Amino acid sequence: MPLTGKSVRLARLSRPGDGRFLFVPLDHSVSDGPVASAAGFAELVTDIAAGGADGIVVHKGRARMIPPHLMAHCSLVVHLSASTSHAPDTNAKVLVGDVEEAVRLGADAVSVHVNIGSDTEAAQLTDLGTVASACDRFGIPLMAMIYPRGPRVSDPADPTLLAHVANIAADLGVDIVKTVLASPPERMAEVVAASPLPIVVAGGGGTDQSLLDFAATALDVGCSGLAVGRRVFTSPSPEKAVRELTQLIHHQIPPVPTPRPEMAGAL
């Protein structure tokens, strides 16, 4: 890939530069409610960065609340779409931010959620194409959180459907695909083989596997990493959870961070 703003930022998204990724989405506060107390949010971000995560995913308003020094070695991904669990159609996603805003916030990438098979699929695909064009204009990588999800989808983990959604993302200008792990998991190898883009899988909520076992399964079938939110921020030790995932994904242990200032009240 020639040296461009987007290629430089894409390289930053993998801290060791090995083409593997660990993202920690914290955008659940829009869809479901707080992921931490107001005083505890900065401490949560501190733990995630100290554990070695490649990036966190937050909405634009929350990005303004992160002390800048925490992002010195952890990428900022600004999420541009939203819905809430109280909506008549929870699969309908709308844009609530734009690429220019994300650039002003110092984002290394943006993300957009698209549900293929939903009643509002057409509008979501239009939004994805619009954001992809803006990302090219500003040199910002785009991650699509793209899932087979809606009234016409009987099996959201069907490998054929997952291969389709990954290629939709590629065709519309995305750089990284986030989707679910196929069922059975070994068939995810077919999805990876069919995708011209790196695939990271959502964090495995609802599975009986431990988080590390789930991550190992995803990596074994060729995925490029994980995007784990809830199983990190509900963990008794988010830093430990992230550190263990980092070691598995990147085959290395992040350096133990130097003592850090108390973050209480940083917001």
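Here the structure is a predicted model, which is why all the values come from computation and not from measurement.

Let us look at helix α6 (residues 121-138). Here α6 is 18 residues long and its end C-alpha atoms lie 26 Å apart, about the 26 Å a rise of 1.5 Å per residue gives. Among all positions in α6, only Gln124, Leu128, Val131, Ala132, Ala134 and Cys135 are buried. For α6, the angular spread of buried residues about the axis comes to 165°, placing them on one side. Every exposed residue of α6 that faces more than 90 degrees away from the buried side is listed here: Ala122, Thr126, Asp136 and Arg137. After α6 finishes, the residue Gly139 shows a positive phi value of roughly 70°.

Of the volumes computed, that of the largest pocket is approximately 850 Å³. Among the elements of the structure, α2 (28-31), β4 (81-82), β6 (109-116), β7 (142-148) and α10 (230-233) are those that each provide at least two residues to the lining of the largest pocket. Sorting elements by how many residues they give to the lining of the largest pocket places α2 first, with three residues. Along the lines of polarity and charge, the residues of the lining of the largest pocket split into 15 nonpolar, 19 polar and seven charged.

Throughout the structure, instances matching the rule amount to one aromatic pair. Here Phe21 and Phe23 contribute two aromatic rings whose centre-to-centre distance is 5.6 Å and whose plane-to-plane angle is 10°, an arrangement assigned as stacked. When its relative accessible area of 6% is taken as the criterion, Phe21 is described as buried. Its guanidinium or amino end placed over the ring of Phe41, Arg62 lies 5.0 Å from that ring's centre, counting from NZ or CZ. Sitting over the face of the ring of Tyr147, Arg149 holds its NZ or CZ atom 4.4 Å from the ring centroid.

Right, let's talk about the packing of helix α3 (residues 41-51) against helix α11 (residues 238-250) for a bit. With their axes 7 Å apart at the nearest point, α3 and α11 run at an angle of 25° to one another. As judged from the angle between their axes, α3 and α11 are roughly parallel. Crossing hand, α3 versus α11: right-handed. Side by side, α3 and α11 meet where Leu44, Asp47, Ile48, Ala50 and Gly51 of the first sit next to Pro238, Glu239, Val242, Arg243 and Thr246 of the second. Across the contact of α3 with α11, the residue classes break down as five nonpolar, two polar and three charged.

In this chain, Ser183 is followed by Pro184 through a cis amide linkage whose omega measures 0°. Tracing the sequence through the fold places Pro184 in the loop between β8 (176-179) and α8 (188-194).

If you walk through the whole model with that rule in mind, you get 10 salt bridges. The salt bridge partner of Arg12 is Asp108, with a shortest N-O separation of 3.8 Å. Here Asp108 lies in the loop between α5 (99-104) and β6 and Arg12 lies in helix α1 (residues 5-12), a separation of 96 residues in the sequence. As a salt-bridge pair, Glu101 and Lys60 come within 3.1 Å of each other at their nearest N and O atoms. Of the two residues, Glu101 sits in helix α5 while Lys60 sits in helix α4 (residues 60-63), which places them 41 residues apart along the sequence. By relative accessible area, which is 17% here, Glu101 ends up buried. Overlapping salt bridges, with partners in common, bring together Lys6, Asp136 and Asp175 in one network.

To continue, consider the environment of Lys6. You can see Lys6 is positioned in helix α1. Ignoring anything within four residues of it in the chain, the contact list for Lys6 reads Cys135, Asp136, Gly139, Ile140, Pro141, Gly173 and Asp175. At 2.8 Å, the side chain of Lys6 forms a polar contact with the side chain of Asp136.

Reading the values: the criteria
- Residues numbered from 1 in each chain as written.
- Predicted model: local features only at pLDDT ≥ 70, side-chain atom pairs only at ≥ 80, totals over all residues.
- Heavy atoms only, no water.
- Helix = DSSP H or I, 4+ residues; strand = E, 2+ residues; numbered from the N terminus.
- Expected span 1.5 Å × (residues − 1).
- Buried < 20%, exposed > 50% of the residue type's maximum accessible area, 1.4 Å probe, protein only.
- Arc of directions from axis to C-beta.
- 1 Å grid on protein atoms, 1.4 Å probe; cavity = no way out; pocket = protein on both sides within 12 Å on 5 of 7 lines; lining within 4 Å.
- Points joined across faces, edges and corners; volume = space filled by probe spheres on them.
- Nonpolar A, V, L, I, M, F, W, Y, C, P; charged D, E, K, R; others polar.
- Phe/Tyr/Trp six-rings, centres within 6.5 Å; stacked < 30°, edge-to-face > 60°.
- Lys NZ or Arg CZ within 6 Å of the ring centre and 35° of its normal.
- Axes fitted to C-alpha atoms, helices over the stretch in contact; angles between N-to-C directions.
- Parallel < 35°, antiparallel > 145°, perpendicular 65-115°, else oblique.
- Left-handed = near helix turned anticlockwise from the far one by under 90°.
- Contact = heavy atoms within 4.5 Å.
- Salt bridge = Lys/Arg side-chain N within 4 Å of Asp/Glu carboxyl O.
- Polar contact = N/O pair within 3.5 Å; in protein donor to acceptor, adjacent residues only side chain to side chain.

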